[in-house]
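# A structural walkthrough
As a plain string of letters, each chain reads:
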Amino acid sequence: MKKIVKNLVLVLMLLLSSLSFAKGKLYVGTNAEFPPFEYLDKGEVVGFDIDLVKAIGEKIDMEIVIKDMAFDGLIPALEMNKIDIVIAGMTANEERKQTVNFSSPYYTANQVIILNESNEDIKTFDDLNDKLVGVVLGFTGDVVVSEMKNVKSKKYNASYAAIMELQNKKIDAIVLDSETALNYVKHNKSLKLAETSGEPEEYAIAISKKNIELLEKINKALEEIKADGTYDSLLKKHM
Ligand code: GLN
């Protein structure tokens, strides 16, 4: 009898201790098709944003659970409470601000033009007139090119699909975020960037408008991460 009681007490203690160590989970939506911010490496989602959000998780004492999904499904998933935040190199633009809140910005990028190395006639955004330009559906590049009257665009679901078509000369150029574009050019000798760049834009973490408390926690964590050197070491690791 004594033994049973002793065992029961042990089991109870174990249960209690596991409870007190269980961290709250933070469900993070991303789209792992945007190197070096987020991409798949041997089936695992990695990148600058992923390390950044893990550092935030440590600061706010929450376990990070990454959910990889289509880029245009991220804000709807946030609205439907399927995820708590989005980190996806997402530009904090006016249109998105109507639906969600954004953290303070954590990266400044701009739109650039990717070309085949042999291309000599495109130097500026104006030179895209009458050309066929690849963009990724719903990205900033899509918005920018759609506003240019004389430019025809071809929309892709993922940037690597546009890159393949450029290499096969099916399109003349691609308009894409600077850091991702640079990453492609670094790894493909047949590609180059035009020496021009568009308006700066800021990446931030998206959070539901209903969750102000989380927004404040994340901003505080971001501040700490920038102040304590974590942010710089992540830049060095990924860019
Ligand atoms: N910064 C771009 C946007 O927000 C692209 C982001 C991405 O593809 N992950 O539209």
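In what follows, the structure referred to is the one given above.
## A word on the pattern of salt bridges
A full pass over the atoms with the stated rule returns ten salt bridges. One salt bridge connects Lys 131 with Asp 121, and the closest N-O pair in it is separated by 3.4 Å. Of the two residues, Lys 131 sits in the loop between strand S8 (107–116) and strand S9 (132–136) while Asp 121 sits in the loop between S8 and S9, which places them ten residues apart along the sequence. Residue Asp 121 is classed as partly exposed on the basis of its relative accessible area of 48%. Glu 224 is the salt-bridge partner of Lys 220, the closest N and O atoms lying 3.4 Å from each other. Taken together, the positions of Lys 220 and Glu 224, both in helix H8 (residues 212–227) and four residues apart, correspond to about one turn of that helix. Lys 220 sits in the exposed class, given a relative accessible area of 53%. By relative accessible area, which is 32% here, Glu 224 ends up partly exposed.

## A few points about the packing of helix H2 (residues 48–59) against H8
Where H2 meets H8, the closest approach of the two axes is 9 Å, and the angle between their N-to-C directions is 110°. What the angle tells us is that H2 and H8 run roughly perpendicular. Between H2, through Leu 52, Ala 55, Ile 56 and Lys 59, and H8, the contact on the second element is made entirely by Ile 218, Ala 221, Leu 222, Glu 224 and Ile 225. Taken together, the residues of the contact of H2 with H8 break down into seven nonpolar, no polar and two charged.

## Quick notes on helix H6 (residues 159–167)
If you check which residues of H6 are buried, you get Ser 159, Ala 162, Ile 163, Glu 165 and Leu 166. On an axial view of H6, the arc spanned by its buried residues comes to 165°, and they lie on one face. Two residues or fewer past H6, Lys 169 is found with a positive phi of approximately 60°.

## Remarks on the site of the ligand
Surrounding the ligand, one finds 13 residues, the nearest of these being Ala 88, Gly 89, Arg 96, Phe 139 and Asp 177. At 2.7 Å from an oxygen atom of the ligand is found a side-chain nitrogen or oxygen belonging to Arg 96. Note that an oxygen atom of the ligand is positioned 3.0 Å from one of the backbone N or O atoms of Thr 140. For the ligand, the protein covers 100% of the area, taking 300 Å² as the surface of the free molecule. Here the shell around the ligand is composed, by residue class, of six nonpolar, four polar and three charged.

About the thresholds
Residues numbered from 1 in each chain as written. Predicted model: local features only at pLDDT ≥ 70, side-chain atom pairs only at ≥ 80, totals over all residues. Heavy atoms only, no water. Salt bridge = Lys/Arg side-chain N within 4 Å of Asp/Glu carboxyl O. Helix = DSSP H or I, 4+ residues; strand = E, 2+ residues; numbered from the N terminus. Buried < 20%, exposed > 50% of the residue type's maximum accessible area, 1.4 Å probe, protein only. Axes fitted to C-alpha atoms, helices over the stretch in contact; angles between N-to-C directions. Parallel < 35°, antiparallel > 145°, perpendicular 65-115°, else oblique. Contact = heavy atoms within 4.5 Å. Nonpolar A, V, L, I, M, F, W, Y, C, P; charged D, E, K, R; others polar. Arc of directions from axis to C-beta. Near = heavy atom within 4 Å. Polar contact = N/O pair within 3.5 Å; in protein donor to acceptor, adjacent residues only side chain to side chain. Areas by Shrake-Rupley, 256 points an atom, 1.4 Å probe, with all protein chains shown as cover.

Geometric values such as these leave the question of function open.
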